[in-house]
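The chain contents come next:
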Amino acid sequence: MAFYGPAELLAVNCHWIGQTLIGVHADVHADRMADDDFRQKFPWFVDHWGGNPGFSCVIAYDGADVVGFAYGAPGAEGREWWREHLDPAPEKGRTFHFSELMVRERWRKTGAAERLHRALMDARNEELAVLLVDVTHPKVEALYESWGYRRVGKDQPFPDSPVYAVMLVALPLA
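Residues numbered from 1 in each chain as written. Predicted model: local features only at pLDDT ≥ 70, side-chain atom pairs only at ≥ 80, totals over all residues. Heavy atoms only, no water.

(A) Structural context of the pattern of salt bridges. Considering all chains together, one arrives at seven salt bridges under this definition. In this structure, the salt-bridge partner of Asp-65 is Arg-106, at a minimum N-O distance of 3.4 Å. You can see Asp-65 sitting in strand S3 (residues 65-74) and its partner Arg-106 sitting in the loop between strand S4 (95-103) and helix H4 (112-122), a full 41 residues away along the chain. Judged by relative accessible area, which is 34%, Asp-65 ranks as partly exposed. Overall, the relative accessible area of 58% leaves Arg-106 in the exposed class. With a closest N to O distance of 3.5 Å, Asp-122 and Arg-118 form a salt bridge. Taken together, the positions of Asp-122 and Arg-118, both in helix H4 and four residues apart, correspond to about one turn of that helix. Looking at Arg-118, the relative accessible area reads 31%, which means it is partly exposed. (Salt bridge = Lys/Arg side-chain N within 4 Å of Asp/Glu carboxyl O. Helix = DSSP H or I, 4+ residues; strand = E, 2+ residues; numbered from the N terminus. Buried < 20%, exposed > 50% of the residue type's maximum accessible area, 1.4 Å probe, protein only.)

(B) Looking closely at H4. Among the residues of H4, those classed as buried are Ala-112, Leu-116, His-117, Leu-120 and Met-121. Projection of H4 onto a plane perpendicular to its axis shows the buried side chains occupying an angular sector of 160°, all on one side. (Arc of directions from axis to C-beta.)

(C) Region of the structure containing the packing of aromatic side chains. Tallied over the full model, the rule gives five aromatic pairs. Aromatic side chains Phe-55 and Tyr-71 sit 5.5 Å apart centroid to centroid with 50° between the ring planes, which places their arrangement in the tilted category. Note that Phe-55 is positioned in the loop between helix H3 (42-50) and strand S2 (56-62) and Tyr-71 in strand S3, a separation of 16 residues in sequence. The class for Phe-55 is partly exposed, based on a relative accessible area of 24%. The class of Tyr-71 is buried, set by a relative accessible area of 0%. A ring pair is formed by Tyr-144 and Trp-147, whose centres lie 5.3 Å apart and whose planes are at 90°; its orientation type is edge-to-face. Note on accessibility: Tyr-144 and Trp-147 belong to one class, buried. Among the aromatic residues, ring-to-ring pairing joins Phe-98, Tyr-144, Trp-147 and Tyr-149 into one connected group. (Phe/Tyr/Trp six-rings, centres within 6.5 Å; stacked < 30°, edge-to-face > 60°.)

Nothing here speaks to function; it is all geometry.
Right under this line is the structure:
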């Protein structure tokens, strides 16, 4: 499996990256896309995150096949996803917002998710990383806990989005 991370992607056309991410998302969620309005908004999220200063993405390949991806961007000071859940705020608060981790079915349970996560996080210089996990997916939340994240609260960022567990980890990862 080859991993292409932040440095390698700088030379690649961002439109191509977006189309790759959208294609993997459509493949992973094919059975739920037609009747899930929130999942249908994924192209908007790719554009939103991809236009964010500091956007970082890692894409894994098995030969010519895309295995999966992980991406996010630094959070704006004062708007971190953990902000309303922690009082007092952490002393070191520069935060990377880890937005997406997606692995195609064929490569699940192979360690690809952890390798994508690690490749993305190892390139970060923030002190914290935060992510959101749908609360109806306890196995996914447990996976992130096994990687060092802890739940600090819950949030529903959009009226049509799921309720998410807000999870936080110190960087660099242990």
